[in-house]
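Summary of structural features
One-letter residues, chain by chain:
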Amino acid sequence: MLEEIGTERLLLRPLHEKDTQELTRLANNWKVARMLSRMPFPYTQDMAADWIARQAAQRAAGAEYCYAIEFEKGFVGTCGLQLHADGTREIGYWVGEPYWNRGFATEAASALTERAKARFGGESIVSGHYADNHASGRVLTKLGFRYTGEESRWCEARQEKAHCLTMKLMRVEA
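Let me begin by describing the structure that accompanies this report. In this text the structure is predicted, and so the values were computed from the model without any measurement.

Let us now look at the state of the cysteines. In total, this model carries 0 disulfides according to the counting rule given. Distance from the sulfur of cysteine 66, which forms no disulfide, to the nearest cysteine sulfur (cysteine 79) is 8.1 Å. We classify cysteine 66 as buried; its relative accessible area is 6%.

Below is the structure:
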């Protein structure tokens, strides 16, 4: 995968140590963390620094490609692609609350989805969202993902399983 992906307004780039403070500030928000499977809450600066430090090895192993979403040279969230044991690759993303309703999640996820389709093929790309996260469902359906099922998925912030709607990227005929 490319190190950087540019869009009309955004730059998707590898995370850097300099992102630690803003990542912590934006991620330490219940409204954000409760919608993500792997993000704990509360979210500390040590957690952010540790997570960022692991990203280069994850990328090198092909296990995960995580990008900082940058707008006007500022960190606003992350977007990533994670390899699963069954060979599928799951797209995930989040944007800090001050940046909601500006199309950043759609723009970032669209750019990463296009790169992932070119690199891995669209048939293997999946995603999902918690049933109470309608905004994420709208993002994914705009990108061509369609619902495939339901499951209970662990949510680290909630410390419980939550109802998750699973999705797969489908071919969109022109």
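This part covers the side chain of glutamate 70. As for its position among the elements, glutamate 70 is in strand β3 (residues 64–71). Overall, the relative accessible area of 13% leaves glutamate 70 in the buried class. Polar contacts involving the side chain of glutamate 70 include one to the side chain of arginine 13, which spans 2.5 Å.

For the coordinates displayed, the defined rule picks out 13 salt bridges. Put simply, glutamate 114 and lysine 117 hold a salt bridge, and the shortest N to O gap is 3.1 Å. Separated by 3 residues within a single helix, glutamate 114 and lysine 117 lie in helix α4 (residues 104–120), roughly one turn from each other. Owing to a relative accessible area of 45%, glutamate 114 belongs among the partly exposed residues under this scheme. By relative accessible area, which is 34% here, lysine 117 ends up partly exposed. For arginine 158, the salt bridge identified is with aspartate 132, shortest N-O distance 3.1 Å. Here arginine 158 is found in the loop between β7 (145–155) and β8 (160–169), whereas its partner aspartate 132 is found in the loop between β6 (125–130) and α5 (134–142), with 26 residues between them in sequence.

Attention now moves to the pairing of strand β2 (residues 10–13). The two faces of the sheet receive side chains in turn, since in a regular strand these alternate between them. Sheet topology note: the strand β1 (residues 5–6)/β2 ladder contains 2 bridges and is antiparallel. Bridge pairing in β2 places isoleucine 5 opposite leucine 12. Between the antiparallel neighbours β1 and β2 lie 3 residues. In the sheet, β2 pairs with β3 via 4 bridges, with the strands oriented antiparallel. Opposite arginine 13, over in β3, you have alanine 68 as the bridge partner.

Rules behind the numbers
- Every chain is numbered independently, its residues counted from 1 as its sequence is written.
- Reporting of local features is limited, given that this is a predicted model, to residues whose pLDDT is at least 70; pairs of side-chain atoms are given and counted only at 80 or more, and all residues count toward the totals for whole chains, interfaces and linings.
- Side-chain metrics in this entry use all non-hydrogen atoms of the structure; hydrogen atoms and water are not considered.
- The criterion for a disulfide is a pair of cysteine sulfur atoms lying within 2.5 Å.
- Buried residues are those whose accessible area, probed at 1.4 Å on protein chains only, stays under 20% of the maximum for their type, while exposed residues exceed 50% and partly exposed ones sit between those limits.
- Strands here are runs of E lasting at least two residues and helices are runs of H or I lasting at least four, both read from the DSSP assignment and numbered beginning at the N terminus.
- Within 3.5 Å is the distance limit for a polar contact, defined as a pair of N or O atoms, with the added protein rule that one can donate a hydrogen and the other accept it, and that residues adjacent in sequence qualify only through two side-chain atoms.
- By definition, a salt bridge exists where a carboxyl oxygen of Asp or Glu is found within 4 Å of a side-chain nitrogen of Lys or Arg.
- DSSP calls a pair of strands paired once it identifies at least 2 bridges connecting them.

Everything listed is a geometric property; what it means functionally is a separate question.
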